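Architecture and fold: a report
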Amino acid sequence: MAKEPKLALIPLGGLGEIGKNIMAVRFGENILVIDCGLMFPEEGMLGIDVVIPDITYLLENKDAVRGIVLTHGHEDHIGALPYVLKQLNVPIYGTRLTLGLLQGKLKEQGVAGEANLEVVKPRDTVTIGPFKVEFIRVSHSIPDAVAVAVHTPVGVIVHTGDFKIDQTPVDGEVTDFYRLAQLGERGVLVLLSDSTNVERPGYTMSERMVGATFDETFRQAKERIIIATFASNVHRLQQAITTAHRYDRKVAVIGRSMINVINIAHELGYLHIPEGTLVELEEANRLPKNKVVFLCTGSQGEPMSALTRMALGDHRQVEILPGDTIIISATPIPGNEKLVARIIDQLFKQGAHVIYEAVSGIHVSGHPSQEELKLMINLVKPRFFVPVHGEYRMLIKHAELARTMGIPAEHIFVAENGQVLEFTRRSGRIAGRVTAGRVLVDGLGVGDVGNIVLRDRRQLSQDGILIVVVTINRELGQVMAGPDIVSRGFVYVRESEQLMEEARQRVKEALEKCNDRGLSEWAAIKSQVRDVLGKFLYEKTRRRPMILPIIMEV
Ligand SMILES: [Zn+2]
Ligand SMILES: [Zn+2]
């Protein structure tokens, strides 16, 4: 009997976390990659700019990788490409806005010339190796988002990407229910679905709700209006611009990333800006207060963003005035709550009227709640189900939800990054593991900061550093100069002279002891100094600074 054909799904990122989404689909010697995103550093990843997925598996199978398809233009789906393309240059398929935003990023990193970008439209099917990949429109918090259906010799895989069911989307482009149902009717082997909001019952509200809230707020505002939101939420930007136009206000955009997105989306026809509505910041500052809206970044309290600078009175061109109405049209991403709360406090202190998350309708999510997730499962009717795009508990919740809908438990896989899910037409199992994980990017260094460097950074950030410099004559074994102690981030030396002097004495004694015992190995001497000084400082201060002995030889 001929061997049954097998298909492997290998998540390389995005499972057990929100961010750095990337999924490999493998059939024989052919690999298709879905999305290639980044993640922002977690607490404790000191100095790290971004985190990208470890693509060792793809590099080891370089010749098999046929292409990368993108679901939409968010950072957690396209953000790693500027780094990955340098190692793996294969054709990239995406819708016009997605590739427009990607192109902007590639240009910034100076790799735009090398990329092979193929524009697709919803309902297009492209052949990539043995795969026929179909793009299916979905609603999300960015226009031009798609799910993908991968037709393989083993069966059809549907990957939802990020989606929501919005019956009244701002751009009028509704999720392609018809096509999803048609695929379901014909038979889908595996559904991979967005788990971000699985903990929320009911339906996610339509983006149009925010438009209604904007309208209400604009009607009441007597002076300036400042709206902070995600730079990439083109629907939201559209509603802000449309509402401003309706109330005869001009719009000035502040923040580089938002200006970039507005330029690209406008150029590609995804953003409709009435003639004369956009003005430069200088002009906006000259207009009467009831004639302007500022659109800006900083809805997450990011330290360098426009809103944060304004709140701290640190922005060169815009200062917050009593009477300003400030709308924070976003919800803080977990971990950012404190930053955002502090910014809101600052804005209130300056006399502004702040409308934020607690007020309903000022933000809606781009992800599906439970009823929408159920609808997706009912439309697609998959044989196997794999929750993706979520932290571990969300994947578990999503698996439970699928089970209540009649998918047998043994047909549901809660997987981890790197696990290989292997399917035949009838069966599915977890079949081993490949390398997966995270690569930290710091400045120009990609992957050169690992756990050891992070551990040192943590120690330095908590208790500081002491450097002990001593000059020794090797032949005589005598201390010629020092020991001198320099410290940073440990104690304020001028107010701790006695402690530092005592510390110097302890080092001196340790060195003498080494000499008496005939110790001449530098490494052994350094270790002695570290031990003695470490113990002394801990006794006196209950702190453990990093101790760095430097021996100079004469
Ligand atoms: Zn998204
Ligand atoms: Zn996402």
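This write-up is about the structure you can find in this document. Just so it is clear, the model here is predicted, and its values are computed rather than measured.

Time to look at the coordination of the zinc ion (ligand 2). Protein-derived coordination of the zinc ion (ligand 2) comes from Asp76 (OD), His77 (NE2), Asp162 (OD) and His389 (NE2), at a distance range of 2.1 to 2.2 Å. Relative to the metal, the 4 donor atoms surrounding the zinc ion (ligand 2) lie at angles of 90 to 163°, and the coordination shape comes out irregular. A spacing of 3.4 Å is found between the zinc ion (ligand 2) and the zinc ion (ligand 1), which share Asp162 as a donor. Of this pair, Asp162 sits in the loop between β11 (156–159) and α5 (177–186) while His389 sits in the loop between β18 (382–388) and α13 (392–404); the two residues are 227 residues apart in sequence, bridging distant segments of the chain. With respect to burial, Asp162 and His389 carry one shared label: buried.

So, about the coordination of the zinc ion (ligand 1). Only His72 (NE2), His74 (ND1), His140 (NE2) and Asp162 (OD) from the protein reach the zinc ion (ligand 1) as donors, at distances of 2.1 to 2.3 Å. Angles of 90 to 164° at the metal separate the 4 donor atoms of the zinc ion (ligand 1), which places the site in the irregular class. Sequence positions of the residues that donate to the zinc ion (ligand 1) give the spacing H-x1-H-x65-H-x21-D. Relative accessible area serves as the criterion here: at 0%, His72 is assigned to the buried category.

Structurally, Leu85 is set in the loop between α3 (81–84) and β6 (92–94). On the accessibility criterion, Leu85 (4% relative accessible area) is buried. Linking Leu85 and Ala115, residues 30 residues apart in sequence, is a C-alpha distance of 7.4 Å. Apart from residues no more than four positions distant in its own chain, Leu85 is found in contact with Val90, Ile92, Leu106 and Ala115.

Before going further, it helps to examine the sheet that holds strand β25 (residues 546–553). Pairing within the open sheet is mixed, and its 3 strands lie in the order β24-β23-β25. Every other strand in the sheet has two partners, leaving β24 (478–488) and β25 as the edge strands with one partner each. The average undirected angle you get between the axes of adjacent strands in this sheet is 15°. Bridging between strand β23 (residues 465–473) and β25 involves 8 bridges; their strand directions are parallel. When the bridges of β25 are listed, Ile467 appears paired with Leu548. Helix α15 (residues 497–516) rests against β23 and β24 of the sheet, and its axis sits at about 140° to β24.

The next thing to look at is the layout of surface pockets. Space inside the second largest pocket adds up to approximately 290 Å³. Surrounding the second largest pocket, 18 residues form its lining, Pro143, Asp171, Glu173, Gly269 and Tyr270 being those nearest its centre. When the residues that make up the lining of the second largest pocket are grouped by side-chain class, the tally is 7 nonpolar, 5 polar and 6 charged.

A separate point is empty space enclosed by the protein. Within the structure shown, the criterion is met by 2 cavities of 30 Å³ or more. Along the wall of the largest cavity there are 19 residues; nearest its centre are Ser139, His140, Pro169, Asp171 and His235. Residues belonging to the lining of the largest cavity are distributed by class as follows: 6 nonpolar, 6 polar and 7 charged. Counted as a void, the second largest cavity has a volume near 100 Å³. If you go around the second largest cavity, you meet 14 residues; those closest to its centre are Asn21, Ile22, His159, Val388 and His389. When its residues are assigned to classes, the lining of the second largest cavity shows 5 nonpolar, 7 polar and 2 charged.

Turning to the nonpolar core, a few remarks are in order. Ranked by size, the top nonpolar core spans 67 residues in total, and within it Leu58, Ile227 and Leu295 carry the most contacts. Apart from residues lying up to four places away in sequence, Leu58 is in contact with Leu12, Ile22, Ala24, Ile31, Val33, Val65 and Leu88.

Within α5 the residues assigned to the buried category are Arg179, Leu180, Leu183 and Gly184. Each buried residue of α5 lies within a common arc of 140° when the element is viewed along its axis, so the set occupies one face. Exposed and oriented more than 90 degrees from the buried face of α5 are Tyr178, Glu185 and Arg186. Contact partners of the buried residues in α5: β9 (131–137), β10 (146–151), β11, β12 (188–194) and α12 (370–380).

Rules and cut-offs
Residues numbered from 1 in each chain as written. Chains lettered and ligands numbered in written order. Predicted model: local features only at pLDDT ≥ 70, side-chain atom pairs only at ≥ 80, totals over all residues. Heavy atoms only, no water. Donors = N, O, S within 2.8 Å, 3.2 Å for Na, K, Ca; no water. Tetrahedral: all angles 85-135°; square planar, octahedral: opposite > 155°, others 65-115°. Helix = DSSP H or I, 4+ residues; strand = E, 2+ residues; numbered from the N terminus. Buried < 20%, exposed > 50% of the residue type's maximum accessible area, 1.4 Å probe, protein only. Contact = heavy atoms within 4.5 Å. Pairing = 2+ DSSP bridges. Axes fitted to C-alpha atoms, helices over the stretch in contact; angles between N-to-C directions. 1 Å grid on protein atoms, 1.4 Å probe; cavity = no way out; pocket = protein on both sides within 12 Å on 5 of 7 lines; lining within 4 Å. Points joined across faces, edges and corners; volume = space filled by probe spheres on them. Nonpolar A, V, L, I, M, F, W, Y, C, P; charged D, E, K, R; others polar. Core = buried A, V, L, I, M, F, W, Y, C linked by side-chain atoms within 4.5 Å. Arc of directions from axis to C-beta.

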